[in-house]
Amino acid sequence: MIDKPPVEETNFSDICTNQCRGACCAPWWGIINYSVIKKPGPAHANAFRAELVQGIRIREKRIVKAYITGEAPPRPLFTRPESYNLVLRDIKKEGENLRLELIVMFAFRCSFLSENNTCEIHPTVISGPDIRPPHCGALGSPGQRPGEQGYCPIIGVAEKSQGTLSPEIDKAIRDEKSTAERYLAEGAGDMETAASRVVEQLLEYCRLNNITSGTTGTGDKKPGRNEPCHCGSGRKYKKCHGA
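First, a word on scope: everything that follows refers to the structure included in this document. (Residues numbered from 1 in each chain as written. Predicted model: local features only at pLDDT ≥ 70, side-chain atom pairs only at ≥ 80, totals over all residues. Heavy atoms only, no water.)

### Some remarks on the overall build of the protein chain
No. 1: A count of helical and extended segments in the protein chain gives seven helices and three strands.
No. 2: Secondary structure elements of the protein chain occur, N-terminal to C-terminal, as α-β-α-β-β-α-α-α-α-α.
No. 3: A fraction of 64% describes how many contacts in the protein chain between residues 6 or more apart in sequence connect residues 24 or more apart.
No. 4: Accessible surface for the protein chain amounts to roughly 13900 Å². Of this, 51% is attributable to carbon and sulfur atoms. (Helix = DSSP H or I, 4+ residues; strand = E, 2+ residues; numbered from the N terminus. Contact = heavy atoms within 4.5 Å. Areas by Shrake-Rupley, 256 points an atom, 1.4 Å probe, with all protein chains shown as cover.)

### Focus on the packing of helix 5 (residues 153-161) against helix 6 (residues 167-186)
No. 1: At a minimum axis distance of 9 Å, the contact between helix 5 and helix 6 shows a crossing angle of 170°. By the criterion of interaxial angle, the relationship of helix 5 to helix 6 is roughly antiparallel. Here helix 5 contributes Pro153, Ile154, Val157, Ala158 and Ser161 to the contact with helix 6, which in turn contributes Glu168, Ile169, Ala172, Ile173 and Glu176.
No. 2: Of the residues contributing to the contact of helix 5 with helix 6, the split by class is seven nonpolar, one polar and two charged. (Axes fitted to C-alpha atoms, helices over the stretch in contact; angles between N-to-C directions. Parallel < 35°, antiparallel > 145°, perpendicular 65-115°, else oblique. Nonpolar A, V, L, I, M, F, W, Y, C, P; charged D, E, K, R; others polar.)

### Notes on the environment of glycine 137
No. 1: Note on placement: glycine 137 falls in helix 4 (residues 134-138).
No. 2: Other than its neighbours up to four places away in sequence, glycine 137 contacts Asp130 and Arg132.

### Section: unusual backbone geometry
No. 1: With omega at 0°, the peptide bond leading from alanine 26 into proline 27 counts as cis.
No. 2: With an omega of -5°, the peptide bond between alanine 72 and proline 73 qualifies as cis.
No. 3: By secondary structure assignment, the location of proline 73 is in the loop between helix 2 (45-66) and strand 2 (83-94).
No. 4: A positive phi angle is found at asparagine 117, which is not glycine, with a value near 65°.

Take a look at the structure:
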C-alpha cells in the first residue's frame, strides 16, 4: 500500500483561520494537573479551602505571565478567566495522609481574538513573523499525537483525512466547541466557589468513609446528637456523621 502524501501545512492554517475559527481559543482553556497531600479528616475545611484558592491564584498568574506576545514591548493575551473549573479527579490514601489529584481549568478570552473568533496575530492574518507565545504557536502542529505538545484533535483528523473539506473535520470542530461549552457551563465565576466545590466533595468522601479529624477509623469520641459534628461541616452530629 502506498501512503498518501502529507497535506500541505498551509492547509492546516486554513483550517484554523477559515473553518475552525476559535474552537480552541473561544474560550482558550488553560489546564493544569497537580496534587496535594492532606491529613485525613475535614476538620479544617476552611483552611483547606483557602489553600486551594491560593493554589488556583498562583497557577492563574503563571499562565497570564507566560502568555505574552513576542514583541518589544510584549502584550499579554489574557487578563483574568471568566470561568474556573477545579476537578477532584481522585483521592488516594498514602499512609496516614490523603493524596488529592486535582485538575484546574481556566477559561480565558484572548485579547487578540476578533468578534468572529479570528486570531488577529496569527501569522497568516498579519502576513508577518509569528509573534504568538510559543505555546500558542505550537498548537495545531502537524505530526503531533495525543498527549504531545502542540497536539490538536482537529488537525489530527485533517491529517488522516488528507483534506480540508471532509465531514470528519466538521465533526471534530463541533465536538471541540461542544466540549468547551460544557466545561464553561460547569465552571464557577470565581475561584472561591470552585474551591468550595472540592471541599464539599472531600467532606462527603470523609463522611462516607467515616474519616474523622486525625484518624482513619472510628476511634474518636462521638459528640452528642445535637452537638456540632466533629468533621467541621457546621451541621449537628445527628444530621451529619450520626445520620
